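These are the residues of each chain, in order.
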2 protein chains.
Amino acid sequence: MPTVLKLGGSVVTRKDGVEQVAVARLERAAGIIGRFHGRDGDAAGAADVDAADLVVVHGGGSFGHPNAERRGVTTSEGTHDAAAVRDIHDPMRELNRLVVGALSEAGVPAVQVAPLSAGHRVDGEFRQPVDAVAALLAEGFIPVLHGDVVATAGGGVTVVSGDELVTTLATGLDADRVGLCSDVPGVLDAGGAVVDRIERFEDVADALGGSEATDVTGGMAAKVRTLLELGAPASVFDLDGLSAFLDGGSPGTWIDST
Amino acid sequence: MPTVLKLGGSVVTRKDGVEQVAVARLERAAGIIGRFHGRDGDAAGAADVDAADLVVVHGGGSFGHPNAERRGVTTSEGTHDAAAVRDIHDPMRELNRLVVGALSEAGVPAVQVAPLSAGHRVDGEFRQPVDAVAALLAEGFIPVLHGDVVATAGGGVTVVSGDELVTTLATGLDADRVGLCSDVPGVLDAGGAVVDRIERFEDVADALGGSEATDVTGGMAAKVRTLLELGAPASVFDLDGLSAFLDGGSPGTWIDST
């Protein structure tokens, strides 16, 4: 069963620029994934981790959010303007090409997959048949998807987030494990320390601010809720934890209600 | 029910160059489709033709065939080399971006759709769930697909041709009509004249050379056989016939066994 790994927009892009790749961070991530993939078939590695069975999702960062915001398009607010669709989609495709290029340089057999071509949204829910992704995996390729825009019944085209893709892929592919690599080392408690393990939302409701949360912590609260419902264990970590995660370890915060 | 229109590689690219768009032909085709689309909702048009319900597929021409040939990849011969996949896929995505750009300039709400992201091949047969394409159509966009490479069970990645996409889309979307616009004015008989109508393969078997056909006429023989099995009428025509086809007419050769 595959592992789904998300590289956050904060990992692959620079927030202080417009459509600028974070070259050093991207190359570091690609190098770690490349070393992991190069171990494929090596019995000395963690026995239950299959290096070939990895799906990568990345966020939009400075290639995605500014364009979507300028066009007023979110996961719930859509557009029927085809020019707006291209304005948001094209830079994300370009970022995806650069991420795939970096992975390729590191020896990873990465292949671009665009959610706009395969998915759609109905009643607020993102759906994507995983046929193509599963077929690529079965042939030894590493599919690399990106936050994107998708056709939305009754609403034109809306944004699909990297987190939504992670959920859809983990469910559709019956993933073993999910990893969210961002610029924070894990889910933080009220004192700023990494929470080791979350099995119920109540464990961290106070620390995450519950329903009165600000945008930022509200984002993490929603993320934790979603990950608890996944049916597969998830880890939240930063680049320092990526190698340990791929090796089968649990860096950062381990989230598992199963 | 939608119309599926294929613009052959010979329409959108120059065969005498490497990865060169046939600018004048592409702009002419886009202009015709744009004028057709601009009539959407105009009751003066052909009553049974819905301008919004159009899916466009284009071939690879000089962006597709040379790269696939160099890598030894066909619809039946695959590769497991991710670099080869990108070498064939990336130029096709670029051609697709240029075709979508020309359509957009002509006022068509065109959106890129990549078969690599959505389709795969099993036992020689190309399959693509049409969810995303149908959802884009329903929201008033014109999906534009391209000949591509796709994951192939047991065979790595193989080429998917524009003609295969036409068949899969026509079936999956229950298309009304199919149009193949290329550089020939229709199916030609032995004397070089356009055959008006084909209802059974036997009507043209002699003219097309039957099973002893050369590559070129063999290509057309196979195409006619496939179109006869579609379940929807198909027209084969050149750019001079595109306007008439979109208006609901039957330029070139009309192929219909239904």
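Keep in mind that what you see is a predicted model, and the values were worked out from it rather than measured.

Which residues make up the overall build of chain A, and what values do they have?
If you tally the helices and strands in chain A, you get 10 helices and 12 strands. The globule rule puts the C-alpha radius of gyration for 258 residues at 18 Å, and the 17 Å found for chain A is close to it. Projected onto its principal axes, the C-alpha positions of chain A cover 55 × 45 × 35 Å. The buried share of chain A, reckoned over its 258 residues, is 57%. Intrachain contacts of chain A at a sequence separation of at least 6 include 71% that bridge at least 24 residues.

So, the pattern of salt bridges: which residues are in play, and what are the values?
Residues and elements named next belong to chain A. Inspection of the entire model under this criterion finds 26 salt bridges over all chains. Here Arg-197 and Glu-199 are joined by a salt bridge, their closest N and O atoms 2.7 Å apart. Here Arg-197 falls in the partly exposed class, since its relative accessible area comes to 46%. Classification of Glu-199 as partly exposed rests on a relative accessible area of 40%. When salt bridges that share partners are traced, they join Arg-70, Arg-71, Asp-81 and Asp-87 into one network.

Before we move on, could you go through the relation of the copies chain A and chain B and cite the residues and values that matter?
Superposition of chain A onto chain B requires a rotation of 180° combined with a translation of 0.0 Å along the rotation axis, giving an RMSD of 0.0 Å. What the superposition gives is, in effect, a two-fold axis relating one chain to the other. Scanning chain A for the C-alpha nearest the rotation axis identifies Ala-118 of chain A, at a separation of 2.4 Å.

Could you give an account of the interface of chain A and chain B, with specific residues and numbers?
Contact residues are listed per partner, giving 36 residues for chain A and 36 residues for chain B. Here chain A meets chain B over a buried area of about 2,700 Å², counting both sides, of which 60% is carbon and sulfur. Interface area lost by chain A to chain B is led by Arg-86, Ser-117 and Glu-139 of chain A, which between them contribute 23%. At the junction of chain A and chain B, the tally comes to 0 salt bridges.

Please give an account of helix H2 (residues 23-38) of chain A that cites residues and values.
Given 3.6 residues per turn, any residue in an α-helix points the same way as the ones three and four places further on. Residues and elements named next belong to chain A. Relative to the 22 Å expected for 16 residues at 1.5 Å per residue, H2 spans 22 Å between its end C-alpha atoms, a close match to the ideal helical length. Among the residues of H2, those classed as buried are Leu-26, Ala-29, Ala-30, Gly-31, Ile-32, Ile-33, Gly-34, Phe-36 and His-37. Considering only its buried residues, H2 is in contact with strand E1 (3-7), helix H1 (9-12), strand E2 (54-58), helix H4 (82-105), strand E6 (142-146) and helix H10 (239-246).

Give a description of the sheet that holds strand E6 (residues 142-146) of chain B that names residues and reports values.
Residues and elements named next belong to chain B. The 8 strands are arranged E3-E6-E2-E1-E9-E11-E12-E10 in an open sheet whose pairing can be described as mixed. Lying at the two open borders of the sheet, with one neighbouring strand each, are strand E3 (110-113) and strand E10 (197-198). Bridge count for strand E1 (residues 3-7) against strand E2 (residues 54-58) is 5 bridges, and the pairing is parallel. Counted as the bridge partner of Leu-5 is Val-56 from E2. Contacting E2, E3 and E6, helix H6 (residues 131-138) crosses the sheet at an angle of about 145° to E6.

Residues and numbers for the sheet that holds strand E9 (residues 177-182) of chain A, please.
Residues and elements named next belong to chain A. The 8 strands lie next to each other as E3-E6-E2-E1-E9-E11-E12-E10, forming an open sheet whose pairing is mixed. Either end of the sheet is taken by a strand with one partner, and the two such strands are strand E3 (110-113) and strand E10 (197-198). Bridge analysis of E3 against E6 gives 4 bridges, and the strand direction is parallel. Considered in E6, the bridge of Ala-110 is made with Ile-142. Helix H6 (residues 131-138) contacts E2, E3 and E6 of the sheet and is inclined by roughly 145° relative to E6. Relative to the sheet, helix H7 (residues 162-172) contacts E1, E2, E6 and E9, its axis offset from that of E1 by approximately 175°.

Could you give an account of the packing of aromatic side chains, with specific residues and numbers?
Residues and elements named next belong to chain A. Counted according to the given criterion, the structure contains 2 aromatic pairs over all chains. Centre to centre, the rings of Phe-237 and Phe-245 are 5.0 Å apart; their planes meet at 25°, and the pair counts as stacked. Judged by relative accessible area, Phe-237 falls into the buried class, the value being 1%. Relative accessible area serves as the criterion here: at 1%, Phe-245 is assigned to the buried category. The ring of Phe-201 carries the charged tip of Arg-225 above its face, separated from the ring centre by 3.8 Å.

Outline the confidence of the model for chain A, supporting the account with residue identities and numerical values.
All names here are of chain A. Here chain A shows a mean pLDDT of 90. Residues at 70 or above account for 91%. Across residues 41-48 the pLDDT falls below 50, and counting only partners more than four positions away or on other chains, this stretch makes 3 contacts in the model. Of the regions scoring below 50 in pLDDT, residues 211-218 engages in 4 contacts with residues more than four places distant in sequence or in other chains. Model confidence for the complex: the whole-complex pTM is 0.93, and ipTM, which rates the interface, is 0.92.

Can you explain unusual backbone geometry? Please cite residues and give values.
Not every positive phi belongs to a glycine, and Asp-174 of chain A is a case in point at roughly 55°. Tracing the backbone shows Asp-174 of chain A in the loop between H7 and E9. Owing to a relative accessible area of 48%, Asp-174 of chain A belongs among the partly exposed residues under this scheme. The phi dihedral of Asp-123 of chain B is positive, around 50°, even though this residue is not glycine.

Tell me about H7 of chain A, and name the residues and values.
Among the residues of H7 of chain A, those classed as buried are Gly-162, Glu-164, Leu-165, Val-166, Thr-168, Leu-169 and Ala-170 of chain A. Looking one or two places after H7 of chain A, you find Asp-174 of chain A, whose phi comes out positive at around 55°.

Which residues make up the pairing of E1 of chain B, and what values go with them?
Within E1 of chain B, 5 of the 5 residues are buried, which leaves it mostly tucked inside the rest of the structure. Of the two faces of E1 of chain B, both are covered, the one formed by Thr-3, Leu-5 and Leu-7 of chain B as well as the one formed by Val-4 and Lys-6 of chain B.

What counts, and at which threshold
- Residues numbered from 1 in each chain as written.
- Chains lettered and ligands numbered in written order.
- Predicted model: local features only at pLDDT ≥ 70, side-chain atom pairs only at ≥ 80, totals over all residues.
- Heavy atoms only, no water.
- Helix = DSSP H or I, 4+ residues; strand = E, 2+ residues; numbered from the N terminus.
- Rg over C-alpha atoms; globule rule 2.2 N^0.38 Å.
- Buried < 20%, exposed > 50% of the residue type's maximum accessible area, 1.4 Å probe, protein only.
- Contact = heavy atoms within 4.5 Å.
- Salt bridge = Lys/Arg side-chain N within 4 Å of Asp/Glu carboxyl O.
- Least-squares fit on C-alpha atoms with pLDDT ≥ 70 in both.
- Buried area = accessible area lost by both parts, 1.4 Å probe.
- Expected span 1.5 Å × (residues − 1).
- Pairing = 2+ DSSP bridges.
- Axes fitted to C-alpha atoms, helices over the stretch in contact; angles between N-to-C directions.
- Phe/Tyr/Trp six-rings, centres within 6.5 Å; stacked < 30°, edge-to-face > 60°.
- Lys NZ or Arg CZ within 6 Å of the ring centre and 35° of its normal.
- pLDDT = per-residue confidence, 0-100.

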